[in-house]
Amino acid sequence: MKDWLTVAMPKGRIFTEAVEMLRMAGFELPPEFDDSRKLIIDVPEECFRFILAKPMDVPTYVEYGVADLGIAGKDVMLEEERDVYELLDLQISACYLAVAGLPHTQMNDVAPKIATKYPNVAAAYFREQGEQVEIIKLNGSIELAPLIGLADRIVDIVSTGRTLKENGLIEYEDIVNITSRLIVNPVSYRMKDARISDVVERLTEVIEQEKVVK
Ligand SMILES: Nc1ncnc2c1ncn2[C@@H]1O[C@H](COP(=O)(O)OP(=O)(O)OP(=O)(O)O)[C@@H](O)[C@H]1O
Ligand SMILES: O=P(O)(O)OC[C@H]1O[C@H](OP(=O)(O)OP(=O)(O)O)[C@H](O)[C@@H]1O
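Residues numbered from 1 in each chain as written. Chains lettered and ligands numbered in written order. Predicted model: local features only at pLDDT ≥ 70, side-chain atom pairs only at ≥ 80, totals over all residues. Heavy atoms only, no water.

- The name given to the protein chain in an unreviewed UniProt entry is ATP phosphoribosyltransferase, with the source organism recorded as Cytobacillus kochii.
- Quoted verbatim from the Subcellular location (unreviewed entry) field of UniProt, the annotation for the protein chain is "Cytoplasm".
- Entered under Subunit (unreviewed entry) in the UniProt record, the comment concerning the protein chain runs "Heteromultimer composed of HisG and HisZ subunits." (UniProt positions renumbered as here; feature names shortened; annotations may be inferred.)

See the structure below:
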């Protein structure tokens, strides 16, 4: 009998692209995936259970083994450092993490303030640069911080660059490119290897096809 797989999906931006990718891989996902508030969606025909989580929480569900697989941005993986394996770069939801701020401004000499949703990534980055900073954790609208004097710089996601531009901010440094990853619980990887290999193979084919199209 086929093993069931539980997959932690990130709600929000990545979700639509991830669903499209799974469908391209031949998994038949019902219309509930296009318009529903359900947090658990079972697809018995495919022996899949999907749970819909906050993007930052996906690696937590996978680490604790309540989900076998998950889809998470590399930003989340770097920030959370959970005990999971990364199986595939799905090459969707591309963006990057950058240091940004108001133009023509020096960072405060003594412990400049950095506002971010990614305190661990930001701290590691400035440590590597040999710069002592004070990290201020925010949960959104990060671009506000330098505009109203809360921080000297921000570390945040840039995609089109529109949010920075419309708020009169500029990028100072790129930190790392981000795409979404397929992740797995280490125990599930051993116990359900046949099913997981099938998912990986089918998604790999889609990634390869997409490369040809681009
Ligand atoms: N422009 C972007 N801004 C933020 N995240 C992006 C962007 N483009 C791609 N991503 C990816 O999408 C993920 C975040 O998705 P989303 O913004 O839906 O969730 P969220 O950060 O939890 O948002 P919210 O807190 O507003 O619900 C990130 O982890 C990142 O990998
Ligand atoms: O370069 P862009 O295409 O403008 O995208 C980047 C913006 O999108 C994200 O914010 P989001 O919309 O998730 O809102 P938030 O500030 O509440 O996190 C991110 O934090 C940036 O603010």
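### Digging into the UniProt feature "domain: ATP phosphoribosyltransferase catalytic" (unreviewed entry) in the protein chain
Right, so step 1: The sites that UniProt annotates as "domain: ATP phosphoribosyltransferase catalytic" (unreviewed entry) are residues 54-204.
Right, so step 2: Taken end to end, residues 54-204 has its terminal C-alpha atoms 25 Å apart, with 33% of it in helix and 30% in strand. (Helix = DSSP H or I, 4+ residues; strand = E, 2+ residues; numbered from the N terminus.)

### What to know about the packing of aromatic side chains
Right, so step 1: The full count for this structure, using the stated rule, is 6 aromatic pairs.
Right, so step 2: A ring pair is formed by F15 and F33, whose centres lie 6.4 Å apart and whose planes are at 5 degrees; its orientation type is stacked. Of the two residues, F15 sits in helix 1 (residues 13-24) while F33 sits in the loop between helix 1 and strand 2 (40-43), which places them 18 residues apart along the sequence. Grouping residues by exposure puts F15 and F33 together as buried.
Right, so step 3: Site record: aromatic cluster; members linked through ring pairs are F15, F27, F33, F48 and F50.
Right, so step 4: The ring of F27 carries R202 above its face, with NZ or CZ at 3.9 Å from the centroid. (Phe/Tyr/Trp six-rings, centres within 6.5 Å; stacked < 30°, edge-to-face > 60°. Buried < 20%, exposed > 50% of the residue type's maximum accessible area, 1.4 Å probe, protein only. Lys NZ or Arg CZ within 6 Å of the ring centre and 35° of its normal.)

### Structural notes on unusual backbone geometry
Right, so step 1: Phi at C47 takes a positive value of approximately 50 degrees, unusual for a residue other than glycine.
Right, so step 2: Structurally, the position occupied by C47 is in the loop between strand 2 and strand 3 (48-53).
Right, so step 3: Its identity is not glycine, yet S93 carries a phi of approximately 50 degrees, on the positive side.
Right, so step 4: One can find S93 in the loop between strand 5 (85-89) and strand 6 (95-101).

### Things to note about the site of ligand 1
Right, so step 1: R13, K54, D75, K117 and S159 are the nearest of the 15 residues found near ligand 1.
Right, so step 2: Measuring from an oxygen atom of ligand 1, one finds a side-chain N or O atom of K54 at 2.8 Å.
Right, so step 3: A distance of 3.0 Å is found between an oxygen atom of ligand 1 and a side-chain nitrogen or oxygen belonging to K117.
Right, so step 4: Relative to its unbound accessible area of 620 Å², ligand 1 is 74% covered by the protein chains.
Right, so step 5: Counting atoms within 2 Å of the grid points, the majority share of ligand 1 lands in the largest pocket.
Right, so step 6: Looking at the shell around ligand 1, the elements with two or more residues in it are helix 1 and helix 3 (74-80).
Right, so step 7: Per-class residue counts for the shell around ligand 1 are 6 nonpolar, 4 polar and 5 charged.
Right, so step 8: Residues from two domains meet in the shell around ligand 1; each of domain 1 (5-93 + 179-213) and domain 2 (95-177) gives at least three. (Near = heavy atom within 4 Å. Polar contact = N/O pair within 3.5 Å; in protein donor to acceptor, adjacent residues only side chain to side chain. Areas by Shrake-Rupley, 256 points an atom, 1.4 Å probe, with all protein chains shown as cover. 1 Å grid on protein atoms, 1.4 Å probe; cavity = no way out; pocket = protein on both sides within 12 Å on 5 of 7 lines; lining within 4 Å. Sits in = over half its atoms within 2 Å of the grid points. Nonpolar A, V, L, I, M, F, W, Y, C, P; charged D, E, K, R; others polar. Domains from an automatic or database assignment.)

### Some details on the pattern of salt bridges
Right, so step 1: Applying the stated rule across the entire model yields 12 salt bridges.
Right, so step 2: Close ionic contact of E166 with R162 constitutes a salt bridge, the shortest N to O distance being 2.6 Å. On the criterion of helical spacing, the pair formed by E166 and R162 is a turn pair, its members being 4 residues apart in helix 6 (residues 162-166). Take E166 and R162: they sit in the same class, and that class is exposed.
Right, so step 3: Because the salt bridges share partners, they merge into one network encompassing K74, E86, D89 and R181. (Salt bridge = Lys/Arg side-chain N within 4 Å of Asp/Glu carboxyl O.)

### Details of the domain arrangement of the protein chain
Right, so step 1: Here the protein chain is partitioned into domain 1 (5-93 + 179-213) and domain 2 (95-177).
Right, so step 2: The C-alpha-based centres of domain 1 and domain 2 are spaced at 29 Å.
Right, so step 3: Contacts between the two partners involve 6 residues from domain 1 and, on the opposite side, 10 residues from domain 2.
Right, so step 4: A combined buried area of about 660 Å² lies between domain 1 and domain 2, and 55% of that area is made up of carbon and sulfur atoms.
Right, so step 5: The largest contributions to the domain 1 side of the interface with domain 2 come from D75, L78 and E79, which together make up 68% of the buried area.
Right, so step 6: Summed over the shared surface of domain 1 and domain 2, the result is 3 residue pairs in polar contact (both at pLDDT 80 or more).
Right, so step 7: Residue composition of the side of domain 1 that touches domain 2, grouped by class: 2 nonpolar, 2 polar and 2 charged. (Contact = heavy atoms within 4.5 Å. Buried area = accessible area lost by both parts, 1.4 Å probe.)

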